[in-house]
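# Structural description and commentary
Below, each chain spelled out in residue letters.
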Amino acid sequence: MTRERNAMSARPWWAWLAGGIAVAFGIATILSGGRVLFGGEAARTSAGAYVDFVLWFNFAAGFAYVIAGAGLLLWRRWAARLSLAIAAATVAVAIAFTVHVLGGGDFEMRTVGAMVLRGAVWIAIAALACRALGCLRLSGRP
């Protein structure tokens with residue numbers, strides 16, 4: 001128990017960076033998504049051919065980003081698990097978005113870039129956090 005607690009408290013430098021990036025990324029995602037969703041017709045028009053399910057997912061995921069980032073800053077195993085869930089959900093939405101595009105649906109090229117960036121960021125954060133915190137272990141704290 002003491003060894004595990006010491007390992008959990010031995011936060012690597014990148015945890016601060018990843019946690020900070022996740023929180024900042026989450027806040028930016030909430031603000032940009034919220035602007036389009038709740039900002040009126042001008043905001044929706046300036047967003048172009050956005051895809052509803054991608055926009056709603058990203059907006060909701062922004063809150064998870066902030067929570068995961070805070071958990072990483074606190075160096076909690078649940079944050080690694082949440083990061084893994086965010087990465088998996090982002091990949092699933094990217095696949096659904098690809099099906100939408102291949103089916104002839106309207107989209108913005110910037111959405112492609114944003115999905116690639118989001119996926120890469122969360123896969124990297126989840127991989128680092130899960131490796132360090134053992135997110136797939138069934139027992140142990142926290």
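The sections below set out a description of the structure shown in this document. (Residues numbered from 1 in each chain as written. Predicted model: local features only at pLDDT ≥ 70, side-chain atom pairs only at ≥ 80, totals over all residues. Heavy atoms only, no water.)

### With respect to the packing of aromatic side chains
Where we set the bar: Two rings belonging to Phe, Tyr or Trp (six-membered ring only in the last case) form a pair when the distance between their centres is within 6.5 Å. Interplanar angles under 30 degrees mark stacking, angles over 60 mark edge-to-face geometry, and anything in between is tilted. In DSSP terms, a helix is any run of H or I states spanning at least four residues, a strand is any run of E spanning at least two, and both are numbered starting from the N terminus. Burial classes follow relative accessibility: with a 1.4 Å probe on protein chains only, a residue under 20% of its type's maximum area counts as buried, one over 50% as exposed, and anything between as partly exposed.
Tallied over the full model, the rule gives eight aromatic pairs. Where Phe25 meets Tyr65, the ring centres are 5.5 Å apart and the plane angle is 15°; that geometry is what we call stacked. With Phe25 in helix H2 (residues 13–38) and Tyr65 in helix H4 (residues 52–74), this pair connects stretches of sequence that are 40 residues apart. Given the relative accessible area of 0%, Tyr65 is considered buried. These aromatic residues form a ring-pair network of at least three members: Phe38, Trp56, Phe59 and Phe63.

### Remarks on the state of the cysteines
In protein chemistry, a disulfide is the covalent bond that joins the sulfur atoms of two cysteines. In plain terms, the rule: Cysteine sulfur atoms are paired as a disulfide whenever they fall within 2.5 Å.
For the coordinates displayed, the defined rule picks out one disulfide. Two residues share a disulfide in this structure: Cys130 and Cys135, whose sulfurs sit 2.0 Å from each other. Taking the sign of the S-S torsion, about 95° here, the bridge from Cys130 to Cys135 comes out right-handed. Overall, the relative accessible area of 3% leaves Cys135 in the buried class.

### Description of a nonpolar patch on the surface
The test is simple: Without a salt bridge and with relative accessible area above 30%, a residue can belong to a patch; like charges are then joined within 9 Å and nonpolar side chains (Val, Leu, Ile, Met, Phe, Trp, Tyr) within 5 Å. Throughout, the Shrake-Rupley method with a 1.4 Å probe supplies accessible areas, and for residues the shown protein chains are the sole cover considered. The salt bridge criterion pairs a side-chain nitrogen of Lys or Arg with a carboxyl oxygen of Asp or Glu, the two atoms within 4 Å.
A cluster of nonpolar side chains, Val91, Ile95, Val99 and Ile123, forms an exposed patch at the surface whose accessible area comes to about 350 Å². Element by element, the count of residues in the nonpolar patch is highest for helix H5 (residues 77–102), at three residues. With respect to the helices, strands and loops of the structure, Ile123 is situated in helix H6 (residues 109–133). Given a relative accessible area of 46%, Ile123 falls into the partly exposed group.

### Notes on H5
Note the cut-off: Each helix should span, by expectation, one fewer than its residue count multiplied by 1.5 Å.
The terminal C-alpha atoms of H5, which comprises 26 residues, lie 38 Å apart, in line with the 38 Å expected from a rise of 1.5 Å per residue. Among all positions in H5, only Arg77, Ala79, Ala80, Ser83, Ile86, Ala87, Thr90, Val93 and Phe97 are buried. One or two steps after H5, the chain reaches Gly104, where phi turns positive at roughly 95°.

### Remarks on unusual backbone geometry
Peptide bonds are trans in most cases, and residues, glycine excluded, mostly fall at negative phi. The backbone of Trp75 shows a phi angle near 60°, a positive value even though the residue is not glycine. Looking at the element boundaries, Trp75 is found in the loop between H4 and H5.

### Observations concerning the packing of H4 against H6
Axis angle and axis distance: for two packed helices, these are the angle between their axes and the distance between the axes, and together they describe the pair. This is how it is decided: Axis definition: a line fitted to C-alpha atoms, limited for helices to the stretch in contact. Angles are taken between N-to-C directions and run from 0 to 180 degrees. An angle counts as roughly parallel when it lies under 35 degrees, as roughly antiparallel when it exceeds 145, as roughly perpendicular when it falls between 65 and 115, and as oblique in every other case. Left-handed describes a crossing whose near helix is turned anticlockwise from the far helix by less than a right angle; the clockwise case is right-handed. The contact rule is simple, with two residues in contact once any of their heavy atoms fall within 4.5 Å. Charged means Asp, Glu, Lys or Arg here, nonpolar means Ala, Val, Leu, Ile, Met, Phe, Trp, Tyr, Cys or Pro, and polar covers whatever is left, Gly included.
Interhelical geometry of H4 versus H6 gives an angle of 25° and a closest axis separation of 13 Å. It follows that H4 is roughly parallel to H6 by the angle criterion. You can see that H4 and H6 cross each other, and the crossing is left-handed. On the side of H4, the interface is formed by Val54, Asn58, Tyr65, Ala68 and Leu72, while H6 contributes Thr111, Met115, Arg118, Trp122, Ile125 and Ala129. Here the contact of H4 with H6 is built from residues that sort into eight nonpolar, two polar and one charged.

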